[in-house]
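Structural description and commentary
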Amino acid sequence: MTRPRISARISAISESATLAVDAKAKAMKASGRPVIGFGAGEPDFPTPDYIVEAAVEAARNPRFHKYTPAGGLPELKEAIVAKTLRDSGYRIDASQVLVTNGGKQAVYEAFATILDPGDEVIVVAPYWTTYPEAIKLAGGVQVDVVTDETTGYLASLEQLEAARTERTKALLFVSPSNPTGAVHSRAEVEAIGRWAAEHGLWVVTDEIYEHLVYGDTEFTSIATAVPELGDRVIVLNGVAKTYAMTGWRVGWLIGAKDVVKAATNLQSHATSNVANVSQAAALAALTGDLSAVAAMRVAFDRRRQTIVRMLNEIPGVICPEPHGAFYVYPSVKGVIGKELRGRRPQTSSELAELILEEAEVAVVPGEAFGTPGYFRLSYALGDDDLAEGVSRIAKLLAEAR
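This structure is a prediction, so every number in the text was calculated from the model and none was measured. (Residues numbered from 1 in each chain as written. Predicted model: local features only at pLDDT ≥ 70, side-chain atom pairs only at ≥ 80, totals over all residues. Heavy atoms only, no water.)

1. Side note on the overall build of the chain
Within the chain one finds 14 helices and twelve strands. Taking 21 Å as the expected radius of gyration for a compact globule of 401 residues, we find that the chain reaches 21 Å, a close match to that expectation. For the chain, the spread of C-alpha atoms along the principal axes amounts to about 60 × 60 × 55 Å. Per-residue burial for the chain yields a buried fraction of 55% across its 401 residues. Summarising the internal contacts of the chain: among those between residues at least 6 apart in sequence, 73% fall at separations of at least 24. (Helix = DSSP H or I, 4+ residues; strand = E, 2+ residues; numbered from the N terminus. Rg over C-alpha atoms; globule rule 2.2 N^0.38 Å. Buried < 20%, exposed > 50% of the residue type's maximum accessible area, 1.4 Å probe, protein only. Contact = heavy atoms within 4.5 Å.)

Here's what the structure looks like:
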């Protein structure tokens, strides 16, 4: 009997669709094709200079040439404590913080720490591609609550309650959302948090886009808004989006002391400490002001308005206005099934492939986020590329019959 070379657990993991689309777009561009990519979720701005300078100084410091505590540099953990109080009013201490290798490790470790096999996690779809894999690796069972453009991709309390069973252990709460940019109002956050507290559920909340909200929209942390959640809330965050530091790989997990201790034990065996130079850079980011993100937010807001307007001018495309993050999530169901350059794409995945080949524009299809019939486009790219890319899509889709 020949045994499989790869374990069933790892074989079941899907490749990150967003990174795959971005890699394909970059490969085509490297071969000389003028591809415009809307796939990657990262700011197009460089990391601010003062953060880079802090990293350079850290690289020269012999202290950072050695192992440091697996849970994070003490001074960075204290900075996270101060930043959390400043930005969301949530009061914690350093023993409740674990510094991780980017937000993805925080996501994985949160679910690995609280889930046992068969535990159910309620997840609002569309969802970020990493959440299902992290839940699955932890032995959990994902229960989807599907939303669409008619509600601005916001789940109702009734939908959440309908998904709850005796095996439900946690709710994954993400506002602002990747991939939709949806943001819950304070009243909605409070209602959902009270519902979770009433039923003794854990809430894992991803707040990575907390500073990227637009117009009159305000970010509300469920941990602060619903103190009765107590020690059953886990906050995930990082410097990647706020400070244009996706490549530096620094995130963190905030939770009850027993959760953080257990997750730190896991990390001590998986990766040990986060790279010290990156931690020093994150420290500079968190102890500096928010002027860099303010400037980026102005640019993102301008692009947000442009891309929503341009997409809604395309027949068969419906694009709700997002209120946070830097993504739009238009429905393309009105185009699917129509003839286009001798082909008749039957799915958003097939349509995205056709657009990449014919218009040389990369988008991520909704299949990657649990809701076929949609695209995710990041507007974290230059204004000219954004306008040119959407114009190419519009020109191609105008041929659909």
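That shown, we press on.
2. What to know about the packing of aromatic side chains
The way to describe two aromatic rings as a pair is by their centre distance and the angle between their planes. One pass over the structure, following the stated rule, counts ten aromatic pairs. Relative to Phe300, the ring of Phe45 has its centre 5.7 Å away and its plane inclined at 70°; by these criteria the two rings are edge-to-face. Here Phe45, found in the loop between strand 1 (36–37) and helix 3 (49–60), pairs with Phe300, found in helix 12 (residues 291–312); they are 255 residues apart in sequence, far enough to count as distant. Exposure remark for Phe45: the relative accessible area of 26% places this residue in the partly exposed category. Since its relative accessible area comes to 0%, Phe300 is described here as buried. Seen in terms of ring centroids, Phe326 and Tyr327 are 5.0 Å apart; in terms of plane orientation they differ by 55°. Their pairing is tilted. (Phe/Tyr/Trp six-rings, centres within 6.5 Å; stacked < 30°, edge-to-face > 60°.)

3. Quick word on the side chain of Thr129
One can find Thr129 in the loop between strand 3 (120–125) and helix 6 (130–137). The exposure class assigned to Thr129 is buried, which follows from its relative accessible area of 9%.

4. Looking at the pattern of salt bridges
Evaluation of the coordinates by the stated rule reveals 23 salt bridges. Salt-bridge contacts for Asp93 lead to Lys257; the nearest nitrogen and oxygen are separated by 3.8 Å. Taken together, the positions of Asp93 in the loop between helix 4 (74–88) and strand 2 (97–100) and Lys257 in helix 10 (residues 257–270) put the pair 164 residues apart, joining distant regions of the chain. Asp93 gets classed as partly exposed once you look at its relative accessible area, which sits at 31%. A salt bridge links Glu313 to Arg309; the nearest nitrogen and oxygen atoms lie 3.7 Å apart. Counted as one network, the salt bridges with shared partners bring together Asp44, Arg302, Arg303 and Asp383. (Salt bridge = Lys/Arg side-chain N within 4 Å of Asp/Glu carboxyl O.)

5. Structural notes on the pairing of strand 5 (residues 168–174)
Among the seven residues that make up strand 5, six are buried, leaving the element largely enclosed by the rest of the structure. For strand 3 and strand 5, the ladder comprises four bridges, and the chain directions are parallel. Following the sheet pairing, Val123 is matched in strand 5 by Leu172. The pairing of strand 5 with strand 6 (residues 202–206) spans five bridges and is classified as parallel. (Pairing = 2+ DSSP bridges.)

6. Structural notes on a nonpolar patch on the surface
Residues Ile6, Ile10 and Ile13 make up a contiguous nonpolar surface patch of about 240 Å² in total accessible area. On the secondary structure map, Ile6 appears in the segment before helix 1 (8–11). (Patch = residues over 30% accessible without salt bridge, like charges linked within 9 Å, V, L, I, M, F, W, Y side chains within 5 Å. Areas by Shrake-Rupley, 256 points an atom, 1.4 Å probe, with all protein chains shown as cover.)

7. Focus: unusual backbone geometry
In this model, Ala125 is joined to Pro126 through a cis peptide bond whose omega is 5°. Note on placement: Pro126 falls in the loop between strand 3 and helix 6. The omega torsion across Ser175 and Pro176 is 0°, close enough to zero to call that bond cis. Of note in this structure, Arg249 is not a glycine but carries a positive phi near 60°. The phi dihedral of Ala325 is positive, around 60°, even though this residue is not glycine. Residue classification places Ala325 among the buried positions, given a relative accessible area of 0%.

8. Let's talk about helix 10
Along its 14 residues, helix 10 runs 20 Å from first to last C-alpha, staying within 8% of the 20 Å computed at 1.5 Å per residue. Considered for burial, the residues of helix 10 that qualify are Val259, Val260, Ala263, Thr264 and Gln267. Seen end-on, helix 10 carries its buried residues on one side only, within an arc spanning 130°. Summarising the geometry of helix 10, the exposed residues directed more than 90 degrees from the buried face are Asp258, Lys261 and His269. Just beyond helix 10, the residue with positive phi is Ser272, at close to 60°. (Expected span 1.5 Å × (residues − 1). Arc of directions from axis to C-beta.)

9. Details of the sheet that holds strand 12 (residues 375–378)
Strand order in the open sheet formed by three strands is 9-12-11, and the pairing between neighbours is antiparallel. Looking along the sheet, the strands with just one partner apiece sit at the ends: strand 9 (327–328) and strand 11 (364–365). Relative to strand 12, strand 9 is paired through two bridges, and the arrangement is antiparallel. Each bridged residue has a counterpart across the sheet, and for Tyr327 the counterpart in strand 12 is Ser378.

10. Concerning the environment of Val21
Within the secondary structure layout, Val21 lies in helix 2 (residues 17–30). Leave out the neighbours within four places in its chain, and Val21 touches Gly39, Ala362, Val363 and Val364.

11. As for the packing of helix 3 against helix 11 (residues 276–287)
With their axes 8 Å apart at the nearest point, helix 3 and helix 11 run at an angle of 140° to one another. Our pair here, helix 3 against helix 11, has a crossing hand that is right-handed. Here helix 3 contributes Tyr50, Ile51, Ala54, Ala55, Ala58 and Ala59 to the contact with helix 11, which in turn contributes Val277, Ala280, Ala281, Ala284 and Ala285. A class-by-class count of the residues in the contact of helix 3 with helix 11 yields eleven nonpolar, no polar and no charged. (Axes fitted to C-alpha atoms, helices over the stretch in contact; angles between N-to-C directions. Left-handed = near helix turned anticlockwise from the far one by under 90°. Nonpolar A, V, L, I, M, F, W, Y, C, P; charged D, E, K, R; others polar.)

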